[in-house]
Amino acid sequence: MTLTGTMLIGQQAVAGSREAIRAIDPATNLTLEPAWLGGTLAHVEQACALAWAAFDRYRETSLDARAAFLEAIAAQIEALGDELIDRAVSESGLPRARIQGERGRTCGQLRTFARTVRAGEWLDVRVDNALPERQPLPRADLRQRQVALGPVAVFGASNFPLAFSVAGGDTASALAAGCPVVVKAHGAHPGTSELVGQAVARAVKQCELPEGVFSLLYGSGREVGIALVCDERIKAVGFTGSRSGGIALCQAAQARPEPIPVYAEMSSINPVLLFPAALQARGEALAQGFVASLNQGAGQFCTNPGLVIARQGPDLDRFIASAAQHIWQSPAQTMLTPGIYSAYRNGVEDLSANPNADTAAAGLVGDGPNQCQTHLFVTSARNFLDDPRLRGEVFGSASLVVTCADEAEIRDVAEHLEGQLTATLHLDDADLDAARALLPVLERKAGRLLVNAWPTGVEVCDAMVHGGPFPATADARSTSVGTAAIQRFLRPVCYQDFPDSLLPAALQHGNPLHLRRLLDGQREA
């Protein structure tokens, strides 16, 4: 398959006319061909018009037809073979095995949502049958289901060129809910985006769906993105990226005559709490696991452990010394883009120059461009609380250890954390009371709590929560990973005293879809 350097608006390949986007191989800093000219406001208008025209038909596709569409996308992505893997590797600097695994995760997400769609529980059907004889007033026949919100704008992420991009979790969950999707490709991997976009478009055609179910736009700067969010036909937004970018989209969405939800994943330092008994019993193993998690993917994960909190003393000193030994031997890794590398380098330099932080260790220096050198810093609880510069995210393999005098200081540090995607507790039986006392704080701060594990690695399953209070995400009530992500793009509708012939199939008296309903207050078996 040949890359065309064009956008996909419905089933049409359309050339842009604005500033060109060119991928850069971060391992060499060489520019890759071809170039993609950015879209215009007219292209946004065209894509949104097609999405709106497709919406009413697509949202009422049968459960089997919609599930088959998601499965067809997965099959089309797999059919791209090595061409997709090769392009994603060259655009991201990520190892081939990582990209292959990410392709598997992307297709697995799509098939998981296909299973979810077929099961139909997401429709959350509730039926309260009429009670005409009830006194003092009769009750009407009331039936509720969830319906799709409308077309969704999805912004591809820089750090996951497949799993959080064109056909990633936001797109998969929106399509599963019955929402057409307009994707804005990330400028770091335009070729990967076009290949996946072509796969989605082929699946749309294969399944004989309206062409406006999917479009793919390009654009440098924020013009195309802001125009998408502000278009009256877009009813929700999925975004993974910087805090500044997410806030800009939220502000634009709230300034509309009809405000819409923005599900933005933005910033998290993912605190790890090391409790005394665990630290004493297995400090070396904890240090090794911590550095492995810190270095994974050059630290370019939203769940990277950027903060360690523990009580000061000999056991913590041994942990820091052991972690330092592993970090000194850590090879430098290529970061995703020159821009991400520059931001990481600036963040590390700021911490290195901060008198309230000490450098505990630095990894090996790379001999190529955009090389992430691992760093570990140490500060006291008092410095951490007094200096807001210590509390920001450094996106990459850098972490800060906060040493606390006692449990009261640990709690104080936890209370002053911003919202997080994760909070991790390493503990033994002797630590349970101390951990129990902290749980209410951590539940307020994070979307996922882990015990004796590491936060990198987000399982795609029914129970997963990948979200958290601001600034981890813009809306702590939702998740962007796992089957519950479909709920972001749905809303309830109640039908009162409808004749059976007018009811959607999910609500008809005979329950033709064989859904498990809440019937007169009782959940059906």
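This is a predicted model, so every value here is computed, not measured. (Residues numbered from 1 in each chain as written. Predicted model: local features only at pLDDT ≥ 70, side-chain atom pairs only at ≥ 80, totals over all residues. Heavy atoms only, no water.)

S.K.: I'd like a description of the sheet that holds strand β5 (residues 126-128), backed by residues and values.
M.R.: With mixed pairing, five strands are arranged side by side in an open sheet as β21-β6-β5-β22-β23. At either end of the open sheet lies a strand with only one pairing partner, and these are β21 (490-496) and β23 (522-523). Bridge count for strand β6 (residues 142-148) against β21 is seven bridges, and the pairing is antiparallel. Paired with A148 across the two strands is L490, which belongs to β21. (Pairing = 2+ DSSP bridges. Helix = DSSP H or I, 4+ residues; strand = E, 2+ residues; numbered from the N terminus.)

S.K.: I'd love a proper account of the domain arrangement of the chain, names of residues and values included.
M.R.: Parsing the chain into structural domains produces domain 1 (8-121 + 149-266 + 476-489) and domain 2 (271-451). Averaged C-alpha coordinates put domain 1 and domain 2 at centres separated by 32 Å. On the side of domain 2, 15 residues touch domain 1, which itself brings 17 residues to the contact. Carbon and sulfur atoms make up 57% of the area that domain 1 and domain 2 hide from each other, which totals about 1,200 Å². Interface area lost by domain 1 to domain 2 is led by P26, N159 and E265, which between them contribute 34%. Run the count over domain 1 and domain 2 and you get one salt bridge. Among the salt bridges present, the one from E418 reaches R243, with a minimum N-O distance of 2.9 Å. (Domains from an automatic or database assignment. Contact = heavy atoms within 4.5 Å. Buried area = accessible area lost by both parts, 1.4 Å probe. Salt bridge = Lys/Arg side-chain N within 4 Å of Asp/Glu carboxyl O.)

S.K.: Just give me the short version of the UniProt feature "domain: Aldehyde dehydrogenase" (unreviewed entry) in the chain, but keep the residues and values in it.
M.R.: With numbering aligned to this structure, UniProt lists the feature "domain: Aldehyde dehydrogenase" (unreviewed entry) at residues 17-460. Span residues 17-460 is 44% helix and 21% strand, its end C-alpha atoms 38 Å apart. (UniProt positions renumbered as here; feature names shortened; annotations may be inferred.)

S.K.: Can you break down the state of the cysteines residue by residue, with the values?
M.R.: Evaluated as defined, the whole model comprises zero disulfides. Note on C207: no disulfide assigned, nearest cysteine sulfur contributed by C107 at a separation of 14 Å. In this structure C207 comes out as partly exposed when scored by relative accessible area, which is 23%. C230 supplies the cysteine sulfur nearest to C250, a cysteine that is in no disulfide, at a spacing of 12 Å. Residue C250 is classed as buried on the basis of its relative accessible area of 19%. (Disulfide = S-S within 2.5 Å. Buried < 20%, exposed > 50% of the residue type's maximum accessible area, 1.4 Å probe, protein only.)

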